[in-house]
Structures are given as structure tokens and as C-alpha cells.
Amino acid sequence: MAAPTTESALTIERPFALPADEVESALRTGPDGLTASDAAARLASVGPNLLPEGKKTPAWLRFLSHFNDTLIFILLGAAAIKAVMGDWLDFWVIMAVAVINAVIGYVQEGRAEKALAGIRGMLSADATVRRDGSWTTIAAADLVPGDLVRLMPGDKVPADLRLIDATSLRIEEAALTGESVPSSKQTDAVDAAAGIGDRSSMAFSGTIVAAGQGRGIVTGTGAGTEIGKIQALVGEAGSLATPLTKQLDAFGKVLTLVILGMAAVMMLIGRYLHQMPFPELVSATIGFAVAAIPEGLPALVTITLAIGVQQMAKRNAITRKLPAVEALGSVTTVCSDKTGTLTKNEMTVRTMVTPVRRYEVSGLGYDPTGEISPAGGGDLAALLAVADLCNDAHVDPSTGSGTGAGSGTGAGSGTGGGTWTLVGEPTEGALKVVAMKGGVDAAGARRVGVVPFDSAYKFMATLNEADRPLSGVEGSRAILVKGAPDRLLERSLTQRGGDGSVSLDIPFWEAAIDELSAQGLRVLAAARKPTRGETVGIDDLVDLEFLGLWGILDPPRPEAIAAIADCHAAGIRVKMITGDHAGTALAISREMGLIPMRMSTDPELASTVPELASTVPELVEGSATPVLTGAELEAMSQDELAKVVQSVDVFARTSPEHKIRIVRALQSHDEVVAMTGDGVNDAPALTRADVGIAMGIKGTEATKEAAEIVLADDNFATIRSAIAEGRRIYDNLRKSVVFLLPTNGAQSLVILVAVVFGLTLPLTPVQVLWVNMVTAVTLSLALAYEPAERGIMSRPPRGAGGSIVSGRELGFVAVVSLLIGGATLAVFGISLASGTDIGIARTEAVTMLALGQLAYLLNCRFLSRSSVTLDVLRGNPVIWWSALALVVLQLIYTYVPFMNALFESEPLGLSGWLLPIAFSIVIFVAVEVLKAVRRRADA
């Protein structure tokens, strides 16, 4: 058979929409597969079935890139100044801070590269393929378009396949589509507009065969597979700077310009107004620069975030990238996966309907603790017998955790600290659990025959016998059937009434099915038939007695419902993005309280999506949550999507490309977006989002590597806690910066005033270094341990733009700098006027700066409320340890001889301490008055 040798000839657009024989003809293959020579020629043309590795940036260049930051430039500038001054100890300390900062960034970067490696690891290692008319096993990398591949239970699909034969074939595609149950496969062509989750005629590379058998023709390999397209999206998605990095960068640039401008002005005034000697002027300018540069700021930010990482870990949120800790605090929208994050990922029977009555079932997941109400009779017993016996799953008490429903094993929380483990498919697990809740006793029942489930007829049947009548059936042998309601209704003749079999009431059952489906429940039906036969086949499944319906869903996590309400109170929108069907997603969203917080009456919005237009009046009333499906989203331009994205809270049947488009549309409105995910299909959107959040238990390695945050418990409530922690960290970081800046501001002000007015310098450069060091080592980090302020989750998210310190706060910092700097000049001047020598006066000035900062630290504990409260004395013991350390270090500075020699300080008498202490109290009171004025202005 002649083989096409060009890559384009081996590419088929939308093979899922073409009949199998057309795909076979287009790829010039047949029942005997390819010949070895055909395969070799095609392999040479299209290349191996491997995901390509992108060009990597050299390690040394990635390391150096972490020095390309304005604050690091300030840090390096401070180091250069200290080298000029010959202060080599401080030079190496500052350089060490810069290098450590770069090492931390270098170690934690590379999310996209690692994500790609994780995706490559999902590919199958080998494949069963038909070559030269016989089946053989080859390396999956050697597969080419046109190969005929066989699939068996447990196999990892080695390439994208157009199925030509499928026998009860179900494939676990959760990592690719987000579906919570395995997808049934068949061979008929589907609609050309079908999303990836609806392409039932395809098997996709990297997914796992859950049940059945199949054969398919390879239509895509390597980068041409769906998983290869996702890899390309990860590489193209690009990551954004976090709000904190943007703010620090803006702040650093402004600060640099201010320092350079003031230094230049000071040199000009000193030189031309006061004719200062040039060496003395250079020394004063260097002293000013050293005083003004907040060299401790990068270290302060890094250490504060590192402390936040530890706190977040205690809340089951593991941080892979430091800035993400704070970025969570500025999140305005959380885009969450449904299965396992908002829901338990444990299918549960919620409702049962028999011809007699409707039953409600309590309890969640695979834990059989729960009740069925009201109490039932024979009608319920018959329905539960089918749930128990026509079933291949079982649940067992266990102390461990399963691996998730997708692999055929799941774990659910039990009472008393235990768990129940499912072995089998999630839907059958739900039926087994409801039978246990109903107290079904299947002792003595045996399975004699079975008709396995097949997507062609959508039901399963078993032939069971028992030593006693089987759930009301005369005799001890019966055929029990469960499956799609429409298929069982068309095979049924009667239904079980209160007093035996009666004629089938089809309108009643159709109305019941519609009602359950409208609630987002997955509906299954049960039927039975007494028999004396020894076997069971399709032909026996006629004239059945219809028993009833089960309404099944993956229930919401109760704690997630409360967490969503907390997010709404905090001004954070929660959006559900799922691969599940629209009806199911809408029902879960209503149950979880995903109600729009702001609606649009813009007629242009209503006309953008025709399907959405009819729901706009309801949206304005707040009585419905809009749903946008992947097909509708596909038909929209990015601009059209951006117009409606803020009004839509549920996105169903989405693909990886859709998730990235949703994230970008939200970001176009300056939203700070957190995206959760667990499957490989989520990796591109996690990379693009401001904060990517991966599931630690059921998440793929590719997803975890693409994320900044990994949830150890896969629980949405943990996201809520992490957001609160992020807000606390940002508050503390802002407090630390507002506290740190007046240290530099007061010192530089003292030197600037001295130069401008031709006065004796109150501080030498080395004394400036001492104050910087002692406050950075002791006081600056104390605020990082501050507990969360009141109402932290009752206020809206902060804006993503601007500086970390607002213009108003800069004014506050300037006033405090004037207070502390003015107090320092006053102490220095009063001391000189009293006849003390300059050494003692300068020591008193240094003491004033240190104690003034200590007083101001108490002001900074509560920036938005008064610190004149007993609360200022409790809640953060680190404050007092820091204060003690400051006092001890200042005593050493003042009284230890070698420190006197090193820093030109002199011992003080008792009177030398009184003035700094008195001025520190004045500073505390003055700042509290300033805070009160600000609060009154805000009222």
C-alpha cells in the first residue's frame, strides 16, 4: 500500500466528524494496519510521537535575570556606596541579601518548563499496534498517523485515535476534559462543532481506558494531539507580574528618582551656598544616600513573604512562588473547577422516584451514613435491590485515602474520622451506598449471568438468583436492569404499583425525568423481570417491570458553600469553569450560592450571545445565574467575550483554550484572577492566571508545576483561608514599609537640613548604618507577625495598580519623618546647647532615632484604628522581643568600649536618656492625633 509521505497528507481536520471508513481511506490504511516500510516512511515525515521540548534559557542567564529589578538596583547601589566608603562588612552583607534573593527566585522559577515536562510524562510508553497484518507491541514514540491501535482496560491511550470499534468502551478523560465520570465511546461520527468532551468517536492521548475494549486509527501524534496542543498553550500562555511586584517596581523607580534628585540638590546647595569643602560634601552626600536608600526593603519583603508561606502551609496551602502569597490577597475573581474542588467528587444519590412516592436521601459521598425518607415499602425495596445486585462496585471502610474516582478508586470521608473507599465506577458506587443506607440484605443472592453496559444500548443487566424470593419477585430468579431511563421505558410493559404490577404510565415518568434533570441530577432507571432461564441476553430484556428512578449528583462540599459566601462578602466573584454539562453545572451553582453580585442591563451585552439574551431580564432580578457553554464561547470574539465575562458565573463544556480566553477576558477588566485546576487541561490557564492554584491530591504533576499555590486538601474553603492570609500578609507588608520609610526619611532629613543650613552633621555615615541595621534587625520584622485586622474578609479587594504606599500614606510617612527627624535635631541641638561635646550629642541623636522608631512601631500596629488601646500590648509577642532586642543593642552601642570606638559613640548619663524618651512619647501621641485626623477625614 502506497503511503503518503508528506506531513500535510497525514493530517485530517476534525476526524471525529468523519465516518470511520473515510478516515481509513484518507490515511491509506486498512484492517491489516500499515506495513513496516509505510510506518518507517511516515515516521521520517512526521517525526516521533513525542511532545517537543522548547528552547531553554541558559541557567546562568536565568540566574542573572533576577538582578534585573529596580529595588535590587537600589540594593546594589547601596553596596557600591559602602565599597566606596571602605565599609566592606556591610558591603558583603548587602551583596549576600541580593544574591540570596536571586537564588530564591531562580530555584522557584521555571513553572512552564516543569509543566511541560509533567505533560510529557503523561504519555504512554508503549502501544499495541497492527503492523504487517499482525498485532505487536512497539514504543509509543514510533506510532504514526494511520496505525491501527488496540485498547484494553487499564491502557493509557498512546496517541489521538479515531475509533473504528468500541465494545463497552469507557475512557477516563478527567485530566483532559474535567468530566467526573468516564466517557462512553462509540464509533459513529459526531457533530463538527462538538467540544472535546463530546467527541465520543475519539480516544485522546494520555487518557486511561476504564472499561471495555476498542480499536482506533491514529489521527494525531506528538504536538498534533490534543495534549500536544495544551502543551503549546502552556508555552504561549505567559505569566503576569503579581500586583506586589508591579507596586514594588513602581515604588522603587520613584524612590530612586527622588533620592538622586535630592542628592543632586543637596550637593549644589552645599557647594555653592555654603562653600563646603568637596571631600566633606561628598561624605555628606554619601551619608545622605546611605540614609535614604531603604536597603532593608528587599530583604523585608522576602522575609515577610517567607513567613507568610509558613502560615499558609499550616492552612493546607503550599506556596511554590513567594509573591503569590501576597497576590492572593488582591484577588478579585476566583475561577474554580467544579469536580472535587467545589464538590466532593463522590457521586451521591440525592432523590429516588418510584410509582408510589418520591424519596429523599441524606448523607454525602461514599459514607453510608444517612437516611431515606419517608420510610418505604416494597416499591423502595425493589429499587434498592437493583442498586445493590445489578452493580460491579463496592465500598469498604478504610483508614487510608483513595486516588480519585478516575482511576476506579475513590475515598470519601466517613464519620468518626474513618473513610470509605470505593472500588469501581463512581455512579455504581453511589447506587451501592444508597442500598446500604436502605439496609438492603443481599445475603444468599448470586449472580448467574450478566449483560455488560454498552454505550450502544446504555444499560446493564444481571441475572440473579437467591435462596428466597428476590425483592418481591415471585420465585428466586430475576433479571435486574439499570440504565438510561428512555432505553428502559421503551423495553418496559408495566410498573410496580402499591399493590403489584400496573400498566406503565409513560407521561408520569417523562415528567419525573424532566424534573430531576432540571435539578442537574444524572438520572438512571431500574427495571426487572422474573425468569426461569439459565442465561440472560439482550433479547430477554423486553416486557420489563419498571421500578423507578435515581437522581444522582456530585454533591457540593458544605464548607465550600460557606467559603463562597465569605468570598462574596469580601467582594470576590467566584466563577465555575467546568467540562461538565450546562444543566449539572447550573444546578450545582444554584445550590452553592454562585449568585451574580452585579448585573448588566446593557442591551449590547444581551445581544452579544443570542442564547444569553433571553436570560438578561432574569439576571437583572437576580433569579438566575447565567451559563455560557463552550460552543457559545467558541462563536464569540475576544472582545465579545470581554463584554459578558463579568456577568457570567458558570462556564460549561469548556476546553483548555476556552479557559485561557476567560482568564484573559477577566484580566482585560483589570481583574486579579485566581484559577484552580487539577487536570493537564488546566495547566495553560493556571500559567496565565495571576495566581494558579493546583489540587494536591488529585492534581496532575503538570498542573502542580504550573501553579503558584498547591492545595494539600483539594478544598475550596482552603482558598478562602489562603485569600484571608494573603490579605493579612499584604497588610503587614504595608505596615512594615510605612514603618521602615520614616527611619530613612528622618535620617536623610537630619543630614539634608544640616547641609542646607550649614550645620554640624548630627550623624556620621557609620552611625546612620547603625540605626539602619538595628531597626532592620529588630523592629522591621516584628510587624510581619501581626494577626489579621478586624473585618479583613468584609472589605473589597484592593486595586491592582498604584504603589505599595499610596500618595496619602507617603504624606503620612513624610509627616512622621518630620516628627522623628525634628525630634532628633532638637535633641542634638539641646544637647550641644547644654555644653556637652559632639560625641555625646550624636549618641543622644542616635538614641532618639532608635526610641522614636520604637514608639512609632506601636502606632503602626493599627494603621486604620487607634493604638491607644490595651490591644496594642497583646496579640503579637514578637513586638516585645524586638523592643527588648533594640534596647539591649542600644545599651551595647552606648556603653561597650569597642562599640564606642567603632561607631564614635560615648556613654550617656541618666539625663542623656530622659530627653529621647520624652520626645518618643510625644511622637507616639502626635502620630495618634494624625491617625485620628485621617480617620475623621475618611468618615
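Bear in mind that the values here come from a model prediction, so they are computed numbers and not experimental data. (Residues numbered from 1 in each chain as written. Predicted model: local features only at pLDDT ≥ 70, side-chain atom pairs only at ≥ 80, totals over all residues. Heavy atoms only, no water.)

**Things to note about the overall build of the protein chain**
Next, step 1: Summing up its helical and strand segments, the protein chain has 34 helices and 28 strands in all.
Next, step 2: Here the protein chain holds 939 residues, and the buried ones make up 55% of them.
Next, step 3: Of the roughly 36,400 Å² that the protein chain leaves accessible, carbon and sulfur atoms contribute 60%. (Helix = DSSP H or I, 4+ residues; strand = E, 2+ residues; numbered from the N terminus. Buried < 20%, exposed > 50% of the residue type's maximum accessible area, 1.4 Å probe, protein only. Areas by Shrake-Rupley, 256 points an atom, 1.4 Å probe, with all protein chains shown as cover.)

**A few points about empty space enclosed by the protein**
Next, step 1: Under the counting rule described, the total for this entry stands at 2 cavities of 30 Å³ or more.
Next, step 2: Along its surface, the largest cavity is lined by Thr177, Gly195, Ile196, Gly197, Gly579, Arg653, Thr654 and Ser655.
Next, step 3: Of the residues belonging to the lining of the largest cavity, the class tally is 1 nonpolar, 6 polar and 1 charged. (1 Å grid on protein atoms, 1.4 Å probe; cavity = no way out; pocket = protein on both sides within 12 Å on 5 of 7 lines; lining within 4 Å. Points joined across faces, edges and corners; volume = space filled by probe spheres on them. Nonpolar A, V, L, I, M, F, W, Y, C, P; charged D, E, K, R; others polar.)

**Digging into the nonpolar core**
In summary, soluble globular proteins display a tendency toward joint burial of nonpolar side chains.
Next, step 1: If you look at the biggest cluster of nonpolar residues, it comprises 130 residues, and the most contacted ones within it are Leu328, Leu549, Ile693, Ile709, Phe716 and Tyr856.
Next, step 2: No other element matches the 18 residues that helix H28 (residues 716-756) contributes to this core.
Next, step 3: In this view, leucine 549 contacts Thr351, Met352, Val353, Leu383, Pro485, Trp509, Ala512, Ile513, Leu516, Val523, Leu524 and Ala525; residues no more than four positions away in its chain are not counted.
Next, step 4: Counting 27 residues, the second-largest nonpolar core is a separate cluster that includes Val349, Tyr359, Leu380 and Ala382. (Core = buried A, V, L, I, M, F, W, Y, C linked by side-chain atoms within 4.5 Å. Contact = heavy atoms within 4.5 Å.)

**Re H28**
Next, step 1: In this model H28 runs 59 Å from its N-terminal to its C-terminal C-alpha over 41 residues, within 8% of the 60 Å that 1.5 Å per residue would give.
Next, step 2: Burial runs high along H28: 39 of the 41 residues are buried.
Next, step 3: Measuring from the backbone nitrogen of alanine 717 back to the side-chain oxygen at the start of H28 gives 2.9 Å, which picks out asparagine 715 as the cap. (Expected span 1.5 Å × (residues − 1). Polar contact = N/O pair within 3.5 Å; in protein donor to acceptor, adjacent residues only side chain to side chain.)

**Section: unusual backbone geometry**
Next, step 1: The step from serine 373 to proline 374 runs through a cis peptide bond, and the omega angle for that step is -5 degrees.
Next, step 2: Summarising the element assignment, proline 374 is placed in the loop between strand S12 (372-373) and helix H14 (378-389).
Next, step 3: Of note in the backbone geometry, lysine 458 takes a positive phi value of approximately 60 degrees without being a glycine.
Next, step 4: Inspection of the secondary structure puts lysine 458 in the loop between strand S16 (446-451) and strand S17 (459-465).
Next, step 5: Taking the relative accessible area as the measure of exposure, lysine 458 reaches 37% and is therefore partly exposed.

**Brief notes about the sheet that holds strand S23 (residues 573-577)**
Next, step 1: Strands sit in the order S8-S28-S27-S26-S9-S23-S25-S24 across an open sheet of 8 strands; the sheet is mixed. In this open sheet, the two edge strands, each paired with only one partner strand, are strand S8 (317-319) and strand S24 (627-629). Averaged over all adjacent pairs, the angle separating strand axes in this sheet is 20 degrees, with direction ignored.
Next, step 2: Here 3 bridges tie strand S27 (residues 691-695) to strand S28 (residues 709-711), and the two strands are oriented parallel to one another. Its bridge partner lying in S28, methionine 695 is registered against leucine 711.
Next, step 3: Strands S8, strand S9 (333-336), S23, strand S26 (673-677), S27 and S28 of the sheet are contacted by H28, whose axis makes an angle of about 160 degrees with S9. (Pairing = 2+ DSSP bridges. Axes fitted to C-alpha atoms, helices over the stretch in contact; angles between N-to-C directions.)

**Some details on the pairing of strand S20 (residues 500-503)**
Next, step 1: Pairing of strand S19 (residues 492-497) with S20 involves 4 bridges; the strand directions are antiparallel. In the sheet register, threonine 494 faces S20, and the bridge partner there is serine 503.
Next, step 2: Between the end of S19 and the start of S20, which pair antiparallel, lie 2 residues.

**Focus: the environment of isoleucine 830**
Next, step 1: With respect to the helices and strands, the residue isoleucine 830 is situated in helix H30 (residues 807-833).
Next, step 2: When the C-alpha positions of isoleucine 830 and leucine 915 are compared, they lie 9.2 Å apart, and in sequence the two are 85 residues distant.

**Section: helix H17 (residues 506-518)**
Next, step 1: Taking 1.5 Å per residue as the helical rise, H17 with its 13 residues ought to reach 18 Å, and the 18 Å between its terminal C-alpha atoms agrees with that figure.
Next, step 2: Residues of H17 that are buried sit in contact with strand S10 (348-353), strand S11 (358-361), helix H16 (485-489), S19, strand S21 (522-530) and strand S22 (544-553).
Next, step 3: Following H17 by one or two positions, glycine 520 adopts a phi angle in the positive range, close to 80 degrees.

**What about the packing of aromatic side chains?**
Next, step 1: As enumerated under the stated definition, the model contains 8 aromatic pairs in all.
Next, step 2: Each ring, one from phenylalanine 812 and one from tyrosine 856, has its centre 6.5 Å from the other, and the planes form 40 degrees; the classification is tilted. Of this pair, phenylalanine 812 sits in helix H30 while tyrosine 856 sits in helix H31 (residues 838-861), and the two are 44 residues apart along the sequence. For the pair phenylalanine 812 and tyrosine 856, a shared accessibility class is recorded, and that class is buried.
Next, step 3: Residues tyrosine 893 and phenylalanine 903 carry aromatic rings whose centres are separated by 5.8 Å and whose planes lie at 50 degrees to one another, so their mutual orientation is tilted. With tyrosine 893 in helix H32 (residues 877-895) and phenylalanine 903 in helix H33 (residues 897-903), the pair connects residues that are 10 residues apart, well separated along the chain.
Next, step 4: The class for tyrosine 893 is buried, based on a relative accessible area of 0%.
Next, step 5: Judged by relative accessible area, phenylalanine 903 falls into the buried class, the value being 10%.
Next, step 6: Pairwise contacts between aromatic rings join Phe508, Trp509 and Phe546 into one cluster.
Next, step 7: Here the guanidinium or amino end of arginine 934 rests over the ring plane of phenylalanine 812, the centre of that ring lying 4.8 Å away. (Phe/Tyr/Trp six-rings, centres within 6.5 Å; stacked < 30°, edge-to-face > 60°. Lys NZ or Arg CZ within 6 Å of the ring centre and 35° of its normal.)

**Brief notes about the side chain of lysine 185**
Next, step 1: Mapped onto the elements of the fold, lysine 185 is located in the loop between strand S5 (183-184) and strand S6 (202-203).
Next, step 2: Only 2.6 Å separates the side chain of lysine 185 from the side chain of glutamate 173, close enough to count as a polar contact.
Next, step 3: In this structure the side chain of lysine 185 is engaged in a polar contact, spanning 2.8 Å, whose partner is the backbone oxygen of methionine 202.

**Section: the pairing of S23**
Next, step 1: Within S23, 5 of the 5 residues are buried, which leaves it mostly tucked inside the rest of the structure.
Next, step 2: Bridge count between S9 and S23: 4 bridges; the pairing is parallel. By the bridge assignment for S23, cysteine 335 is matched with lysine 575.

**Some thoughts on a nonpolar patch on the surface**
Next, step 1: On the surface, Ile917, Ile921, Val925, Val929 and Val933 cluster together to form a nonpolar patch covering roughly 440 Å² of accessible area.
Next, step 2: Note on placement: valine 933 falls in helix H34 (residues 910-938).
Next, step 3: Accessibility expressed as a relative area gives 52% for valine 933, which makes it exposed. (Patch = residues over 30% accessible without salt bridge, like charges linked within 9 Å, V, L, I, M, F, W, Y side chains within 5 Å. Salt bridge = Lys/Arg side-chain N within 4 Å of Asp/Glu carboxyl O.)

**Some details on the environment of arginine 131**
Next, step 1: Within the secondary structure, arginine 131 sits in strand S1 (residues 126-131).
Next, step 2: Considering only alpha carbons, one finds arginine 131 and aspartate 147, 16 residues apart in sequence, at a separation of 7.7 Å.
Next, step 3: Contact partners of arginine 131, with chain neighbours within four places excluded, come to Asp32, Leu34, Thr35, Ala39, Thr136, Ile138, Asp142, Leu143, Val144 and Asp147.

**Description of the packing of H28 against H30**
Next, step 1: For the pair H28 and H30, interaxial distance at closest approach is 7 Å and the crossing angle is 45 degrees. Relative to H30, H28 is oriented oblique. Crossing of H28 against H30: the hand is right-handed. Touching Arg734, Val738, Leu741, Pro742, Gly745, Ala746, Leu749, Val750 and Val753 of H28 are Glu809, Phe812, Val813, Val816, Ser817, Leu818, Ile820, Gly821, Thr824 and Leu825, all from H30.
Next, step 2: Residue composition of the contact of H28 with H30, by class: 13 nonpolar, 4 polar and 2 charged. (Parallel < 35°, antiparallel > 145°, perpendicular 65-115°, else oblique. Left-handed = near helix turned anticlockwise from the far one by under 90°.)

**A few points about the packing of H30 against H31**
Next, step 1: Orientation of H30 relative to H31, taken along the N-to-C sense of each, is 150 degrees, at an axis distance of 8 Å. Compared by their axis directions, H30 and H31 come out roughly antiparallel. Read as a crossing pair, H30 and H31 show a hand that is right-handed. Together, Phe812, Val816, Ile820, Ala823, Thr824, Val827, Phe828, Ser831 and Leu832 of H30 and Ile838, Ile840, Ala841, Arg842, Glu844, Ala845, Met848, Leu849, Gly852, Gln853 and Tyr856 of H31 make up the contact between the two elements.

**Section: the confidence of the model for the protein chain**
Next, step 1: Averaged over every residue, the pLDDT of the protein chain is 80; the share at 70 or more is 82%.
Next, step 2: Scored below 50 in pLDDT, residues 413-417 makes 10 contacts in the model with residues more than four places away or belonging to other chains.
Next, step 3: For the stretch residues 596-625, pLDDT sits under 50, and the model shows 53 contacts to residues farther than four places along the chain or on other chains. (pLDDT = per-residue confidence, 0-100.)

**Some remarks on the pattern of salt bridges**
Next, step 1: One pass over the full model with this rule turns up 30 salt bridges.
Next, step 2: In this structure, the salt-bridge partner of glutamate 789 is lysine 735, at a minimum N-O distance of 3.0 Å. Placement of glutamate 789 in the loop between helix H29 (765-779) and H30 and of lysine 735 in helix H28 is noted, with a sequence separation of 54 residues between them.
Next, step 3: What makes lysine 735 buried here is its relative accessible area of 1%.

**Quick notes on the environment of valine 878**
Next, step 1: Structurally, valine 878 can be placed in helix H32.
Next, step 2: Between the C-alpha atom of valine 878 and that of leucine 779, which follows or precedes it by 99 residues, the distance is 9.1 Å.
Next, step 3: Not counting chain neighbours up to four residues away, the residues in contact with valine 878 comprise Ala782 and Tyr785.

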